[in-house]
Amino acid sequence: MKRTISTLLLTALAAFSYGQDVNGDFNGRSVSLKPDYVFKGSALTGWHTLGNANWQASNGIITAKANGTGYLISDKSFQDVAIRTLYKPDANTEVGFLFRLEKTADGWQGFLVSSKGSETGSYKVKLDAQGKELSREKLRNVNGIIRQAPVVDPNAPARGAGGPRPGGPGGAAASTVQLPLTRPNTAVKPGEWNQFEDILDLDVMRAFFNDGGENMTATEVANGFGPIALMVNGTGEVQFSELAYNDAAIKKLDNELTSSRFKVQHIQDMYYSWAAGAGDFNRDGIMDIVAGPIIYYGPDFKKSREIEFASSVSPSKNFTAYNCQYTYDFNGDGWPDVLTGPSTSSLFINPKGESRRWDKYTVVQGVQSESTIFRDIDGDGKPELIYGGGGQMKFAKPDPADPTKPWIQTAISERGTSSQHGVGVGDINGDGLLDVLNANGWFEHPKNYDGKMMWEYHPQAFGRYGKRGSLFGGSSMGVYDVNGDKLNDVVASLNAHGFGLAWFEQKRDAAGKISFVRHMIADDYSTKNAGDVTFTEAHGAAFADMDGDGITDFITGKRYYSHLDTYLDPDPYSAPVVYIYKTVRDPKAPGGAKFVPELVHNRSGVGSDVLATDLNKDGTIDLVTATNRGVFIYWNTPKAGAKAATAKK
């Protein structure tokens, strides 16, 4: 996955002074578009004008001096298209972006996204032959994880339309705890550089200002066709830079690639699950795989059986109910059982090899985090389920008398501290006790824990708000000594539905107070990333020593169609990759370490979790993913003299 942004575009990015948020991230700036076209130079070749404005170009900057309404129209036409630009608006001049600008008997018609001051809106417009606006009709707002707009219900109550509306996002959920992450202000700022991105696909138009403030509207038609255009309306001056677009109707997948040290075995073609577990379910001494409702029997994984009624899922339209999956002998009968979750955790009891579907019990409800961890958090020798629920971090354990009854849930944090994405477990402070992490920070395991007290909360932004402005936090989080200084660090995806991989170097002052310094591993297409690798939607992760050098590595990749077949997430249709980021200790690197990516496979991706385990007991860690492309085993090649590898969650 090579970056394809032009040198000119990257140079232009560096030339502007961007505001930074409290976490040191660019506020409202990212490059998620891999363009077919980037405007550069000082000539408006490929564009023509209409109306009353003076359009000029110099070194990739387009300047419009308005005297009424004027348009800069592309010579090329599109049906589905994505564009991105920076623009600096005058406070009193309306700036617009038009799509599917079609000729009519008396002029033109098309779809307009407009901003004036801090207000934005989306409209269907009609123009006369000279570009004078004849009518402007607000587009209907649509919501949800959709690619195609729902049909209008004539009996439904009236709803708001697509503009104008104040810029910027809504408020965060009420919390009595001060969190380190705050939602960025994405309102358009006159006189400053603002980012605009729009994807028009079928009959849905998604407009984003400064990486947020989405205005998602229905055009009511999917088959319009015409050029795109920039518009100015007023008497001021507006500048545009980094103008780029691509034809959204064209999607591309590279030739299938696999790492030379991995063999890929595709054991299921259909979509049943986002996760997998492993265990010897028939007690024949050979490891098997469970992925969703199906067990696949080793060593060749050609035979399978349902543990409950199995119905495959449409990747375009539906989500699987299986997001994480674990195996453990919960009832102590010597046969491994299966635990699933979230959002509801179900326990499947192994029928001791009998040829029938397994009895299923709902044991934990109200799991709100999209990933969970299965570790012994309270030191009783048995693993618990660690998760976010009801705004709190919690763990759940079976009723000692009967594991099939609802499990005992214990909250360890105050309300308002949990996050939808991102959860981890590890010993942060080196006291031998496992702490709990999420995107908002870490929760210190009390030394004399009585099972009732709240754990001390240490705020730390281990995630970030990503593109689209409303989601933050990643997937499973790793806790291990990255740079070899004997202090455990944190490795994480920053946004499960956007860009960003990072590691957080633990620091301690003279008094022993713990803090963290963030070191980016990979960001969007405008940044220098490890191995020149860029992808979005790192929704699943695992941590294991993949090469036997005694140092934990970071395994992650792209959850393809993460929000179904839509443009809700940035760069949704890039290759479904799986990567190992090898942890390399290097005193010359920032923080004393770097991460070197190795592509495992580019046609499968990850789900909500990644299984890292020695499946065939050859001393090396293998990987298993379950995705909307099926179930995959990535067999690791043993190396002569390699130290036996260990998996770590």
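About the thresholds
Residues numbered from 1 in each chain as written. Predicted model: local features only at pLDDT ≥ 70, side-chain atom pairs only at ≥ 80, totals over all residues. Heavy atoms only, no water. Helix = DSSP H or I, 4+ residues; strand = E, 2+ residues; numbered from the N terminus. Buried < 20%, exposed > 50% of the residue type's maximum accessible area, 1.4 Å probe, protein only. Contact = heavy atoms within 4.5 Å. Areas by Shrake-Rupley, 256 points an atom, 1.4 Å probe, with all protein chains shown as cover. Pairing = 2+ DSSP bridges. Axes fitted to C-alpha atoms, helices over the stretch in contact; angles between N-to-C directions. Phe/Tyr/Trp six-rings, centres within 6.5 Å; stacked < 30°, edge-to-face > 60°. Polar contact = N/O pair within 3.5 Å; in protein donor to acceptor, adjacent residues only side chain to side chain. Core = buried A, V, L, I, M, F, W, Y, C linked by side-chain atoms within 4.5 Å. pLDDT = per-residue confidence, 0-100. Salt bridge = Lys/Arg side-chain N within 4 Å of Asp/Glu carboxyl O.

Side note on the overall build of the chain
- Within the chain, the regular secondary structure consists of one helix and 44 strands.
- Counting all 649 residues of the chain, 58% fall into the buried class.
- Contacts in the chain between residues far apart in sequence, at least 24 positions, make up 58% of those at least 6 positions apart.
- Total accessible area computed for the chain in this model is approximately 25,800 Å², and 48% of it derives from carbon and sulfur atoms.

Let's talk about the sheet that holds strand β22 (residues 337–341)
- Read from one edge to the other, the open sheet built from four strands follows the order β21-β22-β23-β24, with strand pairing classed as antiparallel. At either end of the open sheet lies a strand with only one pairing partner, and these are β21 (324–328) and β24 (359–364). Between one strand axis and the next, the sheet turns through 25 degrees on average, direction left out of account.
- Bridging between strand β23 (residues 345–349) and β24 involves five bridges; their strand directions are antiparallel. Directly across from S346, in β24, lies its bridge partner T362.

As for the packing of aromatic side chains
- The full count for this structure, using the stated rule, is 33 aromatic pairs.
- Relative to F595, the ring of W503 lies with its centre 6.4 Å away and its plane at 50 degrees, an arrangement referred to as tilted. Here the residue W503 occupies a position in strand β35 (residues 501–508), and F595 occupies one in strand β40 (residues 593–601), the gap between them amounting to 92 residues.
- An angle of 45 degrees between the planes, with centres 6.0 Å apart, marks the rings of Y579 and Y581 as tilted.
- Y579 gets classed as buried once you look at its relative accessible area, which sits at 4%.

Digging into the environment of D288
- Here D288 shows up in strand β18 (residues 288–291).
- Assessed through its relative accessible area of 0%, D288 is described here as buried.
- Along the primary structure D288 and N616 are separated by 328 residues, whereas in three dimensions their C-alpha atoms are 9.6 Å apart.
- Setting aside residues no more than four positions away along its own chain, D288 makes contact with G277, A278, G279, D280, F281, N282, I295, Y296, Y297, G298, F301 and L615.
- Side-chain polar atoms of D288 contact the backbone nitrogen of F281, separated by 2.9 Å.

Description of the nonpolar core
- If you look at the biggest cluster of nonpolar residues, it comprises 31 residues, and the most contacted ones within it are F97, F99, F196 and F240.
- Sorting elements by how many residues they give to this core places strand β3 (residues 61–78) first, with five residues.
- Leaving out residues up to four positions away in the same chain, F99 has contacts with V81, I83, G110, F111, V113, F196, D198, L200, M205, P227 and I228.

Quick look at the confidence of the model for the chain
- Looking at the chain as a whole, its pLDDT mean stands at 91, while 90% of the residues score no less than 70.
- Every residue in residues 1–24 scores below 50 in pLDDT, and together they form 62 contacts with partners more than four places removed in sequence or on other chains.

As for the pairing of strand β6 (residues 107–116)
- For β6, the buried fraction is high: eight of the 10 residues fall into the buried class.
- For strand β5 (residues 94–104) and β6, the ladder comprises eight bridges, and the chain directions are antiparallel. If you follow E102 over to β6, its bridge partner there is Q109.
- Where β5 folds back on β6, the antiparallel hairpin that results is connected by two residues.

Points about the environment of T340
- Checked against the element boundaries, T340 lands in strand β22.
- Given a relative accessible area of 4%, T340 falls into the buried group.
- Remark: the alpha-carbon pair of T340 and G277, spanning 63 residues in sequence, is separated by 9.4 Å.
- For T340, the contacting residues outside a window of four places in its chain are Y322, C324, Q325, S345, S346 and F348.

Structural notes on the sheet that holds β18
- Strand order in the open sheet formed by four strands is β17-β18-β19-β20, with antiparallel pairing between adjacent strands. What marks the edges here is a single partner per strand, and that holds for β17 (277–279) and β20 (303–306). Direction aside, neighbouring strands of the sheet carry axes that sit 25 degrees apart on average.
- Bridge count between β17 and β18: three bridges; the pairing is antiparallel. Each bridged residue has a counterpart across the sheet, and for G277 the counterpart in β18 is V290.

Some details on the pattern of salt bridges
- Using the criterion set out here, one finds 21 salt bridges in the structure.
- Ionic pairing is found between E220 and R140, a salt bridge with its closest N-O pair at 2.9 Å. One end of the pair, E220, is in the loop between β13 (212–218) and β14 (226–234); the other, R140, is in strand β9 (residues 140–141), with 80 residues separating them in the sequence.
- A residue is classified by how much of its surface remains accessible, and R140, at 21% relative accessible area, is partly exposed.
- The closest approach of N and O atoms between R356 and E354, which form a salt bridge, is 2.8 Å.
- Each of E94, E133 and R136 takes part in salt bridges that share partners, so that together they form one network.

What about the environment of P570?
- The residue P570 is located in the loop between β38 (553–557) and β39 (578–585) in this model.
- With relative accessibility at 1%, the residue P570 sits in the buried group.
- Taking C-alpha positions, P570 is 9.9 Å from D211, a pair spaced 359 residues apart along the chain.

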